[in-house]
Amino acid sequence: MNDQHFAGKSNTAVDQKDLWQTPKALFHTLDQEFNFDIDVCASDKNALCTSYFSERSSALTNEWHSVYNHAACFMNPPYSQTELFLNRASEQAKKHNLTVVALVNANTDTKWFADCVSTANEIRLISGRIGFISSTGGKSNGNTKGQCLIIWRGKCETPCMITMVSRDKLMKQTKNR
């Protein structure tokens, strides 16, 4: 499988590539379903939950249950380290019986995506591309890739189910919790 993608070239500065925020409307729709306790891949500027791991308090080195037992965790990992964070999500979900929802590019031709099909309970491919929010607060002019949600449900042994969800449906809900 190929970990390189050439669908489109990004115009984002290298030091800003991992700082994009999930649109709040999309997050709030997911939050209504999962009732998130913690954003495990955030910064002080883009955290979507009151509790969050940042680069300083890394999700890669801290145990996720140390903040909440049986938590629902949201993550939009730095895309330069997708595989590393998804491996950690799978491990932490099973080890601590956590629900983890990861928003990542739908790179179905990568090893990490195939690994997620083996470890996750659900993958929701998103029809339509998501316009993420830049670190300066502006919406992207266009996204070169489609996205998906990868969901682990703790110690649940259900085999991975792959479904499709509309971006427009995800973006409709705007109510805060």
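As shown above, the structure is provided for reference.
In this report, we go over the structure that sits alongside the text. It should be emphasised that the depicted structure is a prediction, and the values quoted were computed from it without experimental measurement.

## Quick word on helix H3 (residues 111-119)
Given 3.6 residues per helical turn, the α-helix brings residues three or four places apart onto the same face.
Logical step 1: Of the positions making up H3, those classed as buried are Trp112, Phe113 and Cys116. One face of H3 carries all of its buried residues, which in axial projection span an arc of 100°.
Logical step 2: Those residues of H3 that are buried lie in contact with helix H2 (82-96), strand S4 (99-105), strand S5 (122-127) and strand S6 (147-153).

## Details of the side chain of Arg124
Logical step 1: Relative to the elements of secondary structure, Arg124 occurs in strand S5.
Logical step 2: Side-chain polar atoms of Arg124 contact the side chain of Glu122, separated by 2.7 Å.

## Notes on the nonpolar core
Logical step 1: Of all hydrophobic cores here, the largest spans 25 residues; its most connected members are Val40, Trp64, Met75, Val100, Ile150 and Trp152.
Logical step 2: Counting residues per element, this core draws most heavily on H2, at four residues.
Logical step 3: One finds Leu26, Ala72, Phe74 and Leu170 within the second-largest nonpolar core, a separate group that totals 18 residues.

## Topic: H2
Logical step 1: For H2, which comprises 15 residues, the first-to-last C-alpha distance of 21 Å matches the rise-based estimate of 21 Å (1.5 Å per residue) to within 8%.
Logical step 2: Where H2 is buried, its residues meet strand S3 (72-75), S4, H3 and S6.
Logical step 3: Remark: Asn97 follows H2 within two positions and exhibits a positive phi of approximately 55°.

The rules we used
- Residues numbered from 1 in each chain as written.
- Predicted model: local features only at pLDDT ≥ 70, side-chain atom pairs only at ≥ 80, totals over all residues.
- Heavy atoms only, no water.
- Buried < 20%, exposed > 50% of the residue type's maximum accessible area, 1.4 Å probe, protein only.
- Helix = DSSP H or I, 4+ residues; strand = E, 2+ residues; numbered from the N terminus.
- Arc of directions from axis to C-beta.
- Contact = heavy atoms within 4.5 Å.
- Polar contact = N/O pair within 3.5 Å; in protein donor to acceptor, adjacent residues only side chain to side chain.
- Core = buried A, V, L, I, M, F, W, Y, C linked by side-chain atoms within 4.5 Å.
- Expected span 1.5 Å × (residues − 1).

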